[in-house]
Each structure stands twice: as C-alpha cells, then as structure tokens.
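# Summary of structural features
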Amino acid sequence: TTLLLLPLPQPQKHVLQSLMACAPIYHLFMVFHEKNHRRNTLPHILTSFGSFAAEFRVLDSLPSGCTTPPAGPPLTPLHFDDVLRQFRSAMSSSSGAQEDAQEFLTFLLDRLHQELVEVSDHTTHEMPSSDEDVWETVGKGHKTSVTRTTQVVESPIHQIFGGQLRSAIRRPGAKESATCEPFMTLHLDIDTPGIRWVDEALSRLMASERLDDDEQDRTIKQLSLAGLPPTLILHLKRFCFTSRGVEKLHKHVAFKPTLEIHPRHLASSAVGPRHYDLLSVISHHGKSPIGGHYTCCVRHACGSWLEYDDSIVRPVSTRIVTESQAYLLFYIAQGHTS
C-alpha cells in the first residue's frame, strides 16, 4: 500500500505511514472499521484509524513490468484533525515534551491500547487483584530469584507491539530480585562514542550496571528481554538535554535489513521471536531538534523500498535505506506478513 499524506505535519505523517505498512495493524483497523460501519459505537481514535485504513488502495501484486509498487492517490486524512488536537494538548501539558515522531507514536499506541481495552469484552481480561504478581523463579545456573511482574490488560496493540523487560538486582549473599515491566518501544542510548551499530546500542541497554561505589556491596543491575513482540520498535535517542537545552546527536548508527536478538540479551524464560526483518525507517534531518525535516522509508510486501519525502515518493535501494540517519526503526518478526 502506498500513499501520500499531504496535509499532516511531517512527524505525524511518517508515523502513520509506518504504522499502516504493518499488516497486522492495517487488518486490525479494517476489522474495527467494518464493526463501526454497522454500529457506529467506536471511540474516536479507533474510528479515525478505521476510516483512514479504508481509504488505502491495497496492492496484492505488482503490475506487469513493474519492479516497484506505484504510488496511490494522495489521501487527506481529515479524520485525524481531532487526534492531532488531543496530541498537542497532551504535549503542551507535559514539561519538556516535543511534538516529534517518537512522542506522537507513543501517544497513538497508548491511546489505541486504552480504547481497545474499553471496547473489548472485559470478561475475557481478568483484572489482577494488585498491580503486580510476585513469583519465585529458577533461572540460569539453577539460581532462584523473586520476580515481580507488572500486570497489563491485554489488547491487540500489546499483542502486536508489546514486549517485556526484566530488571534484576543482585547483591552478594542475597537472593536476586527482579521486576518485569511491559514496553512497546525500546529506547536506545547512542551517545557513547563506541556505539556504531544498533546491535551495540542494544548491548549497552542490556549491560550490567554498578549501582554504588561500595566495593564490598557491589550491587548490580542487569536488564534482559523476557518477552519479544511480533513488531519491534527501536527508538534511537538522538535528542538529549544539556546545559544548553535540547540538542541533537548527528552520529550515524548503522543497522541491517535483518536483526537477530542475541541469546545473551534474553532472560532464561524469554518468549517471542528472535529474528526480525526491517519494515520501516523514520529519519530526522537537520541540525536542530526544533524544526528539521523528516523522511520515511517503507518496505513493500514485494520486498522493494519506497521513500516518502513530503509530496515525493520514490523507489530507493536497501543500501540507501540502511545508510539513513535513523530515528525510529520498525522491525517485524520473520514469518509474520508485512
């Protein structure tokens, strides 16, 4: 599916483009569009996405003689006017927040999750008696630990994008204490000079960390992945707060068309896929985090790539995609339809 999103601001435009390139999301919105067409009872953001998805022209196969999918007619997503107003209102009330692509993506996924929980059959979702479940588990080396898991009501959004991070605290002579918390985006620090690849940024996120300077105590914090989603979103933290305000990191962080999650990053009880294919890349261009220019590259189901740059849609090679200054990376598990 290809299209132009002309009237939207750049960050929002490319987030929507990337989301709609994800087949599970597109099909989810079409299901709810059909339901709403019959009943007209859905909350606002679900209604907007359903109407939006229904305007897409789905291309099942390439026309004879074509090597890249043709761009469809421009869409005018007026359904999102109120969604954008809600987003801007939320950003204006949040200190230090920016109206950038990552903020808009987080806003959309959170609101979609909330609305899907509202319209679901609550009898199928047992609400926990407390915010956490506490278990004693056996991990690597037959070591036991006390693990607290933050409970989340299931929704299709969490089933598509939701993973689980395990944070373990180890102290000499004490039983390991761990907390498992949900995520829909992994936020990767890239400011360390030695980080040149996305894999290295993942390794830094999962690296053990000393929590104090006491040589006798030696309290260690260790992150690992306890659950991996069908669609994995990586956020490269290019905007950082300094004494001079918010600044942008311009370094190139390399990434590949495929991503393998190394076993050392996984908790002993980890579930979910291990191998991913790149689906979409959102890049920020410009020296300043205020303003600048966004582009988006999306992989079509036929395997070819299209770059969206304002009103221009053009085919690009995989090499051009992987040389871009990525800000958000969307990976879909191998074996899942994209």
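The rules behind each value
Residues numbered from 1 in each chain as written. Predicted model: local features only at pLDDT ≥ 70, side-chain atom pairs only at ≥ 80, totals over all residues. Heavy atoms only, no water. Helix = DSSP H or I, 4+ residues; strand = E, 2+ residues; numbered from the N terminus. Buried < 20%, exposed > 50% of the residue type's maximum accessible area, 1.4 Å probe, protein only. Contact = heavy atoms within 4.5 Å. Areas by Shrake-Rupley, 256 points an atom, 1.4 Å probe, with all protein chains shown as cover. Core = buried A, V, L, I, M, F, W, Y, C linked by side-chain atoms within 4.5 Å. Phe/Tyr/Trp six-rings, centres within 6.5 Å; stacked < 30°, edge-to-face > 60°. Pairing = 2+ DSSP bridges. Lys, Arg positive; Asp, Glu negative; His and termini not counted. Salt bridge = Lys/Arg side-chain N within 4 Å of Asp/Glu carboxyl O. pLDDT = per-residue confidence, 0-100. Disulfide = S-S within 2.5 Å. Polar contact = N/O pair within 3.5 Å; in protein donor to acceptor, adjacent residues only side chain to side chain. Expected span 1.5 Å × (residues − 1). Axes fitted to C-alpha atoms, helices over the stretch in contact; angles between N-to-C directions. Parallel < 35°, antiparallel > 145°, perpendicular 65-115°, else oblique. Nonpolar A, V, L, I, M, F, W, Y, C, P; charged D, E, K, R; others polar.

### Comments concerning the overall build of the chain
- Helices and strands together make up the secondary structure of the chain, namely 8 helices and 17 strands.
- Counting the 338 residues in the chain, one finds 45% classified as buried.
- Counting only contacts in the chain whose residues sit at least 6 apart along the sequence, the fraction spanning at least 24 positions is 66%.
- A total accessible area of about 16800 Å² is found for the chain, and carbon and sulfur atoms account for 51% of it.

### Overview of the nonpolar core
- One finds Leu-19, Phe-49, Leu-108, Ile-157 and Phe-161 to be the most contacted residues of the largest nonpolar core, which totals 47 residues.
- The element contributing the most residues to this core is helix 5 (residues 101-119), with 8 residues.
- Among the nonpolar cores identified, the runner-up in size contains 33 residues, and Leu-188, Leu-236, Ile-261 and Leu-266 belong to it.

### Comments concerning the packing of aromatic side chains
- Under the counting rule described, the total for this entry stands at 5 aromatic pairs.
- Ring geometry for Phe-29 versus Phe-49: centroids 4.4 Å apart, planes at 25°, classification stacked. Here Phe-49 lies in helix 3 (residues 44-54) and Phe-29 lies in helix 2 (residues 23-39), a separation of 20 residues in the sequence. Assigned by exposure class, Phe-29 and Phe-49 land together as buried.
- Centroid distance Tyr-294 to Tyr-327: 6.4 Å. Interplanar angle 50°. Geometry classified as tilted.

### Re the pairing of strand 10 (residues 245-248)
- Two strands pair when backbone bridges link them, and strand 9 (residues 239-242) and strand 10 are joined in this way by 4 bridges, in the antiparallel orientation. Within strand 10, the residue paired with Cys-240 across the bridge is Glu-247.
- Once strand 9 ends, the chain turns through 2 residues before running back antiparallel as strand 10.

### Quick look at the side chain of Arg-299
- Mapped onto the fold, Arg-299 is located in strand 14 (residues 293-299).
- Buried and without a salt bridge, Arg-299 has Asp-277 as its closest oppositely charged side chain, separated by 4.9 Å.

### A short note on the confidence of the model for the chain
- Across the chain, pLDDT averages 79, with 74% of residues at or above 70.
- Looking across the chain, the model is least confident in strand 1 (residues 132-138), with a mean pLDDT of 48, and most confident in strand 8 (residues 231-237), with 97.
- In the predicted structure, residues 1-7 sits below a pLDDT of 50 and forms 37 contacts with residues beyond four places in sequence or in another chain.
- In this model, residues 122-131 is a region of pLDDT below 50 whose contacts with residues beyond four sequence positions or in other chains number 10 contacts.

### A word on the state of the cysteines
- Applying the stated rule across the entire model yields 0 disulfides.
- There is no disulfide at Cys-297, and the cysteine sulfur nearest it, in Cys-296, is 6.7 Å away.

### Side note on the side chain of Ser-155
- With respect to the secondary-structure elements, Ser-155 resides in the loop between strand 2 (144-150) and helix 6 (156-161).
- If near-sequence neighbours (up to four positions away) are discounted, Ser-155 is found in contact with His-113, Leu-116 and Val-117.

### Some thoughts on the environment of Leu-266
- Mapped onto the fold, Leu-266 is located in strand 12 (residues 266-271).
- Leu-266 sits in the buried class, given a relative accessible area of 8%.
- Measuring from C-alpha to C-alpha, the distance between Leu-266 and Ser-224 comes to 5.2 Å, with 42 residues separating the pair along the chain.

### Here we look at the pattern of salt bridges
- For the structure shown, the criterion picks out 6 salt bridges.
- Asp-191 serves as the salt-bridge partner of Arg-204, at 2.5 Å between the closest nitrogen and oxygen. Of this pair, Arg-204 sits in helix 7 (residues 198-206) while Asp-191 sits in the loop between strand 5 (186-189) and helix 7, and the two are 13 residues apart along the sequence.
- Classification of Arg-204 by relative accessible area gives partly exposed; the value is 35%.
- A residue is classified by how much of its surface remains accessible, and Asp-191, at 45% relative accessible area, is partly exposed.

### A short note on the environment of His-14
- Turning to its location among the elements, His-14 is positioned in helix 1 (residues 10-20).
- At 3.1 Å, the side chain of His-14 forms a polar contact with the backbone oxygen of Tyr-294.

### Here we look at helix 5
- An ideal rise of 1.5 Å per residue puts 27 Å on 19 residues; helix 5 measures up with 27 Å between its terminal C-alpha atoms.
- Looking only at helix 5, the buried set comprises Ala-101, Gln-102, Phe-104, Leu-105, Phe-107, Leu-108, Leu-109, Leu-112, His-113, Glu-115, Leu-116 and Val-117.

### Digging into the packing of helix 3 against helix 5
- Following both chains from N to C, one finds helix 3 and helix 5 inclined at 105°, their axes separated by 8 Å at the closest point. Classified by the angle their axes make, helix 3 and helix 5 are roughly perpendicular. Two secondary-structure elements touch here, helix 3 through His-44, Ile-45, Leu-46 and Phe-49 and helix 5 through Phe-107, Leu-108, Arg-111, Leu-112, Glu-115, Leu-116 and Val-119.
- Class assignment of the residues belonging to the contact of helix 3 with helix 5 gives a composition of 8 nonpolar, 1 polar and 2 charged.

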